[in-house]
Amino acid sequence: VLLLSASTYASETRTIYIEVVGQGEFEVLYHRALSNATGAAIGSFIGAGIQSGIEAGKDQEKTRELKPLIIQDTWKVRFLDTLNNKLESEGFEAVWVEDTKDIDDGLVLKIYPDLYGFKLVDTHRRLVSAFIDFKVGLSDGGSKNVKDHDKEAYYLTNRNQYPYDDLLKEDSPANADLEAVLEKAAKRLANKIIYSVKE
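Just so we're clear, the structure is a prediction, and the values are computed from it rather than from any experiment. (Residues numbered from 1 in each chain as written. Predicted model: local features only at pLDDT ≥ 70, side-chain atom pairs only at ≥ 80, totals over all residues. Heavy atoms only, no water.)

1. Quick look at the overall build of the protein chain
Argument step 1. Secondary structure assignment for the protein chain yields four helices and seven strands.
Argument step 2. Reading the helices (α) and strands (β) of the protein chain from amino to carboxyl end gives β-β-α-α-α-β-β-β-β-β-α.
Argument step 3. Looking at the protein chain as a whole, 43% of its 199 residues are labelled buried.
Argument step 4. In the protein chain, of all internal contacts separated by at least 6 residues, the share reaching a separation of at least 24 is 79%.
Argument step 5. Carbon and sulfur atoms form 46% of the exposed surface of the protein chain, whose accessible area is close to 11,000 Å². (Helix = DSSP H or I, 4+ residues; strand = E, 2+ residues; numbered from the N terminus. Buried < 20%, exposed > 50% of the residue type's maximum accessible area, 1.4 Å probe, protein only. Contact = heavy atoms within 4.5 Å. Areas by Shrake-Rupley, 256 points an atom, 1.4 Å probe, with all protein chains shown as cover.)

Below, the structure written as C-alpha cells:
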C-alpha cells in the first residue's frame, strides 16, 4: 500500500501528515508462544480455552514483573521520534495531527500501534527477544479513511536473545533492546515511505 500511487507526490509536495491511532501496549508473550509452538494436548475447545486463559495469566504476571524496569513511554519516544527525525532529514515536513479526515493535500500516514515488549522466540532454549507489532496505512489527503485491507502489518524482533530471567537482572538489557527494535522499525517505515515517493 505504501507504493500505491506514491510517485505522484514526488513533484507536488513533501508534506506528510501523521496520525497515531491508539497506543502501543507493553506485553511479555512467553507461555502463549510456548503453547502455540508445542501444540495443545487438550481434546476440547473448552479445555483449550481454559488452558489459553491460564497461559495468558502467567504472561500477565511476567508483564507486571518486567514493566517497572521499562522506561515509561518508550514506544512513543523512541519509535515516533526516530520516525520524525528520519523523515525530516530526508526533506519531508512531518506534521503530527490528531485527526486526518479533513486534510486535502499531502501524504497522510496513519500508524496503528499494537504490541511491543518481549516474546519467546526460541522454544527449545527458552530465549526471548524484544519485538514490535504495528500496522500503517498511507494515502493522499483527499482520499477516504484507510480501510482495514489497506493497512500494512509490521512485525520486527531484535537479533539479541536471552533467558527471560536475564531481563530482571541489575544490568538488564531490556531497555536497550526495546529501544533498538523500536528505532529499527521506525527507520524501516521511514525508508519505505521515502523510497516510494522517489520512484
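2. Considering helix H3 (residues 74-89)
Argument step 1. Compared with an ideal rise of 1.5 Å per residue, which puts 16 residues at 22 Å, H3 spans 22 Å between its outermost C-alpha atoms and is within 8% of the ideal.
Argument step 2. Restricting attention to buried positions, one finds in H3 the residues Thr-74, Trp-75, Phe-79, Leu-80, Thr-82, Leu-83, Asn-84 and Leu-87.
Argument step 3. After H3 finishes, the residue Gly-91 shows a positive phi value of roughly 95°. (Expected span 1.5 Å × (residues − 1).)

3. Details of the pairing of strand S6 (residues 152-157)
Argument step 1. Alternating residues of S6 divide into Glu-152, Tyr-154 and Leu-156, all buried, and Ala-153, Tyr-155 and Thr-157, none buried.
Argument step 2. Bridge count for strand S5 (residues 127-140) against S6 is six bridges, and the pairing is antiparallel. In the sheet register, Phe-134 faces S6, and the bridge partner there is Tyr-154. (Pairing = 2+ DSSP bridges.)

4. What to know about the confidence of the model for the protein chain
When pLDDT drops low, the exact placement of atoms in the prediction is not to be read closely.
Argument step 1. Across the protein chain, the average pLDDT comes to 83, with 79% of residues at or above 70.
Argument step 2. Below pLDDT 50 for its whole length, residues 1-11 participates in 20 contacts with residues either more than four positions away or in separate chains. (pLDDT = per-residue confidence, 0-100.)

5. A closer look at the packing of aromatic side chains
Argument step 1. A complete count under the given rule lists six aromatic pairs for this structure.
Argument step 2. Ring centres of Trp-75 and Phe-79 lie 4.6 Å apart, and the angle between their planes is 25°; on these two criteria the pair is classed as stacked. Of this pair, Trp-75 and Phe-79 are both found in helix H3, four residues apart, which corresponds to roughly one turn of the helix.
Argument step 3. Its relative accessible area of 5% is what places Trp-75 among the buried residues.
Argument step 4. Taken together, Trp-75, Phe-79, Phe-134 and Tyr-154 form an aromatic cluster joined through their ring pairs. (Phe/Tyr/Trp six-rings, centres within 6.5 Å; stacked < 30°, edge-to-face > 60°.)

6. Quick notes on the pattern of salt bridges
Argument step 1. Using the criterion set out here, one finds eight salt bridges in the structure.
Argument step 2. The partner of Lys-110 in a salt bridge is Glu-19, with the nearest N and O atoms 3.9 Å apart. Remark: Glu-19 occurs in strand S1 (residues 15-20) and Lys-110 occurs in strand S4 (residues 107-122); sequence separation between them is 91 residues. The exposure classification of Lys-110 matches that of Glu-19, with both residues buried.
Argument step 3. Among the salt bridges present, the one from Arg-125 reaches Asp-122, with a minimum N-O distance of 2.8 Å. (Salt bridge = Lys/Arg side-chain N within 4 Å of Asp/Glu carboxyl O.)

7. Considering a negative patch on the surface
Argument step 1. Together, Glu-98, Asp-99, Asp-102, Asp-104 and Asp-105 make up a region of like negative charge exposed at the surface.
Argument step 2. Note that Glu-98 resides in the loop between strand S3 (93-96) and S4.
Argument step 3. On the accessibility criterion, Glu-98 (77% relative accessible area) is exposed. (Patch = residues over 30% accessible without salt bridge, like charges linked within 9 Å, V, L, I, M, F, W, Y side chains within 5 Å. Lys, Arg positive; Asp, Glu negative; His and termini not counted. Charge placed at Lys NZ, Arg CZ, Asp CG, Glu CD.)

8. Examining the environment of Arg-126
Argument step 1. Mapped onto the fold, Arg-126 is located in the loop between S4 and S5.
Argument step 2. Given a relative accessible area of 39%, Arg-126 falls into the partly exposed group.
Argument step 3. Sequence separation between Arg-126 and Tyr-164 is 38 residues; the distance between their C-alpha atoms is 7.7 Å.
Argument step 4. In contact with Arg-126, not counting residues within four places along its chain, are Tyr-30, Leu-34, Leu-120, Tyr-162, Pro-163 and Tyr-164.
Argument step 5. Of the polar contacts made by the side chain of Arg-126, one reaches the backbone oxygen of Thr-123; its length is 3.2 Å. (Polar contact = N/O pair within 3.5 Å; in protein donor to acceptor, adjacent residues only side chain to side chain.)

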